[in-house]
Amino acid sequence: MKNLTQPLQGAQMLFVAFGALVLMPLLTGLDTNVALFTAGIGTLIFQLITKRQIPIFLASSFAFIAPIMYGVQTWGIPSTMGGLMAAGMVYVLLATVVKVRGPGFIKRLLPPVVVGPVIIVIGLGLAPVAVNMAIGKTGDGSLVLIEQNTALIISLASLFTTIAVAIFAKGMLKLMPILAGISVGYGLSLAFGIVDFSAVTNASWIAMPNFVAPEFNWHAILFMIPVAIAPAVEHIGDILAISNVTGKDFIKKPGLHRTLAGDGFATIASSAFGGPPNTTYSEVTGAVTLTKAFNPVIMTWTAITAITLAFVGKLGALMQTIPVPVMGGIMCLLFGSIAAVGLNSLIKNNVDMNEPRNLSIVGVTLVFGIGGMAFGIGSFSLTGISLCGIVAILMNLVLPDNAAAHSKIISEDIDQI
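The rules behind these values
Residues numbered from 1 in each chain as written. Predicted model: local features only at pLDDT ≥ 70, side-chain atom pairs only at ≥ 80, totals over all residues. Heavy atoms only, no water. 1 Å grid on protein atoms, 1.4 Å probe; cavity = no way out; pocket = protein on both sides within 12 Å on 5 of 7 lines; lining within 4 Å. Points joined across faces, edges and corners; volume = space filled by probe spheres on them. Helix = DSSP H or I, 4+ residues; strand = E, 2+ residues; numbered from the N terminus. Expected span 1.5 Å × (residues − 1). Buried < 20%, exposed > 50% of the residue type's maximum accessible area, 1.4 Å probe, protein only. Arc of directions from axis to C-beta. Axes fitted to C-alpha atoms, helices over the stretch in contact; angles between N-to-C directions. Left-handed = near helix turned anticlockwise from the far one by under 90°. Contact = heavy atoms within 4.5 Å. Nonpolar A, V, L, I, M, F, W, Y, C, P; charged D, E, K, R; others polar. Patch = residues over 30% accessible without salt bridge, like charges linked within 9 Å, V, L, I, M, F, W, Y side chains within 5 Å. Areas by Shrake-Rupley, 256 points an atom, 1.4 Å probe, with all protein chains shown as cover. Salt bridge = Lys/Arg side-chain N within 4 Å of Asp/Glu carboxyl O. Core = buried A, V, L, I, M, F, W, Y, C linked by side-chain atoms within 4.5 Å. pLDDT = per-residue confidence, 0-100. Phe/Tyr/Trp six-rings, centres within 6.5 Å; stacked < 30°, edge-to-face > 60°.

On to the layout of surface pockets, then. Estimated volume of the second largest pocket: approximately 430 Å³. Lining the second largest pocket are 20 residues, with Ala 66, Tyr 70, Gly 125, Leu 126 and Gly 369 positioned closest to its centre. Among the elements of the structure, helix H3 (65-75), helix H7 (127-134), helix H18 (356-371) and helix H19 (384-398) are those that each provide at least two residues to the lining of the second largest pocket. No other element matches H3, which puts 4 residues into the lining of the second largest pocket.

Because the α-helix completes a turn every 3.6 residues, residues three or four places apart line up on one side. For H18, built from 16 residues, the straight-helix expectation of 22 Å at 1.5 Å per residue is met to within 8% by its first-to-last C-alpha distance of 21 Å. Inspection of H18 places Arg 357, Asn 358, Ile 361, Val 362, Thr 365, Phe 368 and Gly 369 among the buried residues, and these make up the whole buried set. The buried residues of H18 occupy an angular sector of 145° when projected down its axis, which confines them to one face. Opposite the packed face of H18, turned more than 90 degrees from it, sit the exposed residues Pro 356, Val 367 and Gly 371. Downstream of H18 by a residue or two, Gly 372 has a phi angle that is positive, lying close to 85°.

It is worth spelling out the packing of helix H12 (residues 229-246) against helix H13 (residues 251-273) at this point. In contact at an axis separation of 11 Å, H12 and H13 are set at 145° when each is read in the N-to-C sense. Relative to H13, H12 is oriented so that their crossing is right-handed. When H12 is examined against H13, the residues Ala 232, His 235, Ile 236, Ile 239, Leu 240 and Ser 243 are found in contact with a partner set consisting of Ile 251, Leu 256, Thr 259, Leu 260 and Asp 263. The residue inventory of the contact of H12 with H13, partitioned by class, reads 7 nonpolar, 3 polar and 1 charged.

A word on a nonpolar patch on the surface. Taken together, the side chains of Leu 190, Phe 197 and Leu 318 present a nonpolar region at the surface, about 240 Å² in accessible area. Counting through the fold element by element, Leu 190 comes out in helix H9 (residues 177-192). Look at Leu 190 and you get partly exposed, because its relative accessible area is 43%.

Leu 21, Phe 57, Phe 62 and Phe 64 are the most contacted members of the largest nonpolar core, which totals 111 residues. For this core, the leading source of residues is helix H1 (residues 2-28), giving 12 residues. Apart from the residues within four sequence positions on either side, Phe 57 is in contact with Leu 14, Ala 17, Leu 21, Ala 39, Thr 43, Thr 279, Thr 280, Tyr 281, Val 284, Met 299, Thr 302 and Ala 303.

Here we take up the confidence of the model for the protein chain. Fine structural detail should not be taken from predicted coordinates in areas where pLDDT scores are low. Looking at the protein chain, pLDDT values average 89 and 94% of them are 70 or higher. Mean pLDDT in the protein chain bottoms out at helix H20 (residues 402-416), which sits at 47, and peaks at helix H2 (residues 32-49), which reaches 97. In the model, residues 406-417 has pLDDT below 50 throughout and makes 0 contacts with residues more than four positions away in sequence or in other chains.

Bringing the side chain of Ser 189 into the picture now. The topology assignment puts Ser 189 in helix H9. When residues no more than four places from it in sequence are discounted, the contact partners of Ser 189 are Ile 154, Ile 194, Val 195, Pro 323 and Val 326.

What characterises a pair of aromatic rings is the spacing of the ring centres plus the angle enclosed by the ring planes. Tallied over the full model, the rule gives 8 aromatic pairs. Each ring, one from Phe 37 and one from Phe 311, has its centre 5.9 Å from the other, and the planes form 90°; the classification is edge-to-face. Here Phe 311 lies in the loop between helix H15 (296-309) and helix H16 (313-320) and Phe 37 lies in helix H2, a separation of 274 residues in the sequence. Phe 311 gets classed as partly exposed once you look at its relative accessible area, which sits at 26%. Connected via pairs of aromatic rings, a cluster forms that spans Phe 37, Phe 211, Phe 273 and Phe 311.

Structure follows, in structure tokens:
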């Protein structure tokens, strides 16, 4: 009976993560079956590197939605995958530095005044895309796909369902707001007759996922590398969260360097197959908290279940039938929530916006990132998230921290007294 319990618990964990896992590839134009496959492979790689000590599941990272959408439109999927592979290498590099210098290094290199505005830019950068999709248009607003009033009914129903479940639901349901929002929006879409099942009819039951090999384009690589900043910091928060839930200090054992490396190699492997970058899923951590399923073996079964479902061709085709307004409604909340996380990072860490240095870093980062500032020499150019990430780091390293120096002087005066 015990042997049957663990696979069932693993499938349950995948069900919790499923809505968020498939939403990311649906928004970015990637294959949902590949995302399922790479989530499973990525989790197994993470477990291998961390010696299967942490009950955590890895899947599609929302922080990369905006960069991937831009990358796919600008360079295509193969080059975007090459850029994501380079972003995975950033994790591995950070893991190496943490191993040598200790975990405190990341906090010094990427303090809240740097990470906060970058996360806000990631969240708000594609706000117009969310609104266009919510009113039935393509992401760029150039083409009307569904009549606006119908689209608004569907998108607002999806949005409000997602919010209601996140706030008012109890138990396991509270962990699946995105899945609930998709379900309600999809049901309304069926009622309005705007769902086309021809792709499902033509799809095979068993099919190979549409794997895409990466190509290496320096423009895409330089664009994607700075994007890894925010997920790396988010990763540390997730590891601290699961440590608190289980009562174990995973920062020390197996060590932050191992968890970062696991996340990095999982992302590298994912992009090698044409899948979205992986990150640790807080939804699954919440499910672990509720169920007390602390055994990492359960996550092995979650990964195996994801890999198995990746070869069900009709499942991927069914995901593709979800209408644009359903995703647009959820994106209105999703992108705003990402921005709110960045804002919360500034507030929670008491970043003093009256301090000219902090105000300069945050202000320039936000305007460069959201405004679309671009620097270029010849064929080389930096814009959007990549530009504002680099600018934020450089400004933090170059500008003198007068507040810190002032605090140090006061501390020394008190010591002398």
